[in-house]
Amino acid sequence: MRIVAKSPMPGFALSAGLVLSLLSLIVLLPIGALLVRGAGMGLGDLAAAISGERVRSALLLSFRSALIAAAFNLVFGVVVAWVLVRYRFPGRRLIDAAIDLPFALPTAVAGIALTALYAPNGVFGQIAAGAGLRIAYAPPGILVALVFVGLPFVVRTVQPVIAEIDREVEEASATLGASRLTTLRRVVAPVLMPAALTGFALALARGVGEYGSVIFIAGNLPMKTEIAPLLIVIRLEEFDIDGAAAIGIAMLGISFAMLLLINAVQVWSRRRIGYV
Amino acid sequence: MFDAAHLAPPRPARRFRAATEEPAALRRGLIGLVFVLLAVLLFAPLVTVFGEALSQGAGAALTALAEPEAHAAIRLTLLVTALSVPLTAVFGLAAGWAIARFDFPGKAVLITLIDLPFSVSPVVAGLCLVLLFGANTTLGDWLVGQGMPVVFALPGIVLATVFVTFPFVAREILPVMVEQGRAEEEAALTLGASGWRMFFTVTLPNIRWALLYGVLLATARAMGEFGAVAVVSGKIRGVTATVPIAIEMLYNEYLTVAAFSLAALLASLALVTLALKTALEWRHADALSANRRA
Amino acid sequence: MHIEIDEIAKTFGRTAALQPVSLSIPSGALVALLGPSGSGKTTLLRILGGLEFPESGRVLFDGHDATGLTVQERRAGFVFQNYALFRHMTVFENIAYGLKARPRALRPEKEEIARRVTKLLELIRLPEIGGRYPAQLSGGQRQRVALARALAIEPRMLLLDEPFGALDAKVRKELRHGLREIHDTTGLTTIFVTHDQEEAMELADLVVVMSMGRIEQVGRPADLRARPASAFVREFLTA
């Protein structure tokens, strides 16, 4: 029996073979190793390792911070995308190109730069300190780092959707008597929603697992500002492999949930507004 | 002679606003907000990198870059990039060909699996590699016995880098290949071209800009990867410390100027990447996947 | 409603879309703006609807200057070339949109909105499709829904941009009768844009032939055929 319909195109065996072997060697086998390790521990030990207070607060901190940062990026990402697509002003293309800076700038570089800026003696840190706020070496510092790394996700997923909105639909809404605000709320927003949610989920997934940009600015106090990926690194340095694996499995679970969420959003929106 | 402008009809007193526009005040406010937001979020950190690097003069920054350990880190980063990006590119090409040109069961699953590394934390990726190849694992012990350690050595760093850059090329190529369809390749086959000839003379030229775009993104990420490498490299000074790892070590030793000098080097490369990427988006928009079109 | 177009001019960049143009449309007429692409007919329609603004000249509705009215204030039922239906709303929600968008004081009760939507669905002879999404409709059904949506706001006039342009020949014929019927029942001043002379001549009471931003001739179909005012009109009508 053939797995693939007969085709005059050559190279299926070669390309599919390459894809499967590289994917297995580099991605699937290592992830499998993590799952096997977890299975070896048994459910009881696994649950015990994750429910320790330090681990729990680290996972919670990572998730909560990523959620807040992604929500911030959801709102401002849509605004930035809207301004970049719809308005014409000097510097627009420069700003458009700069949006991807967080993708291009290594996370460690971003981490030490943000720390220098927001530390109590840094440019922004001093201003915050004047207002009695502590940003670096405190939970807000984590948010600053995650907003930075997550900014491009919403902008870049929403931008092409805004560019494709049919102006006539907005005009139709206006001819029917709707104010500009009503048009934006009832006609534009629903169309942007799936893309915005996808970008939000991507930023969230990135934020939960983010390490490089956060560890410099966070302060890394156990139970207070210690994020989950850092705790994995610490457990490995303590040769507590099982402890590290348990946290890793919990984070993998969150990743899969996120992936499912993204796919669900896309399927839902395609079914809902899949115009011919 | 009359100046034509004097003959133009007077503009209506009331400023009309198109039905698809926001009020001018709101527009100006939003543009201002975007400028402020990006100045604070993006430009301030970027300026800080260079400002801190040059805080004690360009000489101090250059001295820091000339240190043997800095050199070793730069060499290692270049080597890792040179080894991992071609792997990512080959994977991307193979994935593009298999998925865009053939129908087979499990295709949707495969596409999801390719994106998987995007949603896995780099630290977890590193952890997975340690669990597969590390000390006290069957495979790891055997590899060490063969004189080919993976973890705390170059192969581990390369594997970790490939893991995090895996989807970059495939994601750029795949939509372009799907969009282009297979007619041109079928034409080449009917004209008597062999498989490889068709690939090099028809397929590759059609996707070259998308391929370059993906390679560019993968390169930027490969040179800057931190979390995954931090876990598998063991951070052995001068041996397994890539540039980002060296930045961390210097920073933690309060060698701020040295840390920021290396950071400025990576930031410059990031700016070059952005410039090239933007140039591709402007000049070859039609050859890139739809959501890359500027 | 009687519409008076007084010396309207419009340029896009350097090209004049409309040379100063004047036209008087009697109340209750069914008027075709006929011309090739680039003749300025769509621009004129969009100026009437408040979607485009003239550089000079005035528009008068029943003798009152309407030039400065916003789109929302014009209350013109506008049917777009590709219908511009809201794809994330059902047919019912599409038709109810204009009523729900009214300020609270003028907004009908929920039951009243439902009653009016049902009546409009009957008017366009599609009483069963209220729950469907635009993606699930045929081209002809979409056009009729767009018409019903425009009628829902109790418009002062009906403006249609190439209302049959996106349809195949058979459906086009059917829907022409549909538009005529709706015009006759509502009595609304109706202006539609077309490049199809057969369509204009068969359907309209009054045909306005346009070319290069100018009005070449205005007249009843029979008069145009009998006495074309220029070579352009003669050639365009026999094409």
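Residues numbered from 1 in each chain as written. Chains lettered and ligands numbered in written order. Predicted model: local features only at pLDDT ≥ 70, side-chain atom pairs only at ≥ 80, totals over all residues. Heavy atoms only, no water.

Enquirer: Residue-level account of the interface of chain C and chain A, with values.
Expert: Each partner contributes residues to the interface: chain C has 26 residues there, and chain A has 23 residues. Taking both sides of the interface into account, the surface hidden between chain C and chain A amounts to around 2300 Å²; carbon and sulfur atoms contribute 60%. When residues of chain C are sorted by the area they lose upon contact with chain A, Arg87, His88 and Tyr97 of chain C head the list and together hold 28% of the total. Seen at the junction of chain C and chain A, the total is one salt bridge. Between Glu171 of chain A and Arg46 of chain C there is a salt bridge whose closest N-O contact spans 2.6 Å. Connecting chain C to chain A are four residue pairs in polar contact (both at pLDDT 80 or more). Elements with a minimum of two residues in the side of chain C that touches chain A: helix 2 (71–74), strand 6 (76–79), helix 3 (91–100) and helix 5 (139–152) of chain C. (Contact = heavy atoms within 4.5 Å. Buried area = accessible area lost by both parts, 1.4 Å probe. Salt bridge = Lys/Arg side-chain N within 4 Å of Asp/Glu carboxyl O. Polar contact = N/O pair within 3.5 Å; in protein donor to acceptor, adjacent residues only side chain to side chain. Helix = DSSP H or I, 4+ residues; strand = E, 2+ residues; numbered from the N terminus.)

Enquirer: So, empty space enclosed by the protein: which residues are in play, and what are the values?
Expert: All names here are of chain A. Under the criterion given, the structure shown has six cavities of 30 Å³ or more. Listing elements by their share of the lining of the largest cavity, those giving two or more residues are helix 9 (180–209) and helix 12 (241–273). With four residues, the single largest contributor to the lining of the largest cavity is helix 12. Considered class by class, the residues forming the lining of the largest cavity number six nonpolar, four polar and no charged. (1 Å grid on protein atoms, 1.4 Å probe; cavity = no way out; pocket = protein on both sides within 12 Å on 5 of 7 lines; lining within 4 Å. Points joined across faces, edges and corners; volume = space filled by probe spheres on them. Nonpolar A, V, L, I, M, F, W, Y, C, P; charged D, E, K, R; others polar.)

Enquirer: Which residues make up the sheet that holds strand 9 (residues 206–211) of chain C, and what values do they have?
Expert: Residues and elements named next belong to chain C. In spatial order, the strands read 6-7-8-3-9-10; together these six strands make up an open sheet with mixed pairing. Lying at the two open borders of the sheet, with one neighbouring strand each, are strand 6 and strand 10 (214–219). The sheet shows a mean angle of 15° between the axes of neighbouring strands, taken without regard to direction. Relative to strand 8 (residues 189–194), strand 7 (residues 157–161) is paired through five bridges, and the arrangement is parallel. Bridge assignment links Leu158 to a residue of strand 8, and that residue is Thr190. Here helix 5 sits on the sheet and contacts strand 6 and strand 7; the angle it forms with strand 6, its principal contact strand, is near 165°. (Pairing = 2+ DSSP bridges. Axes fitted to C-alpha atoms, helices over the stretch in contact; angles between N-to-C directions.)

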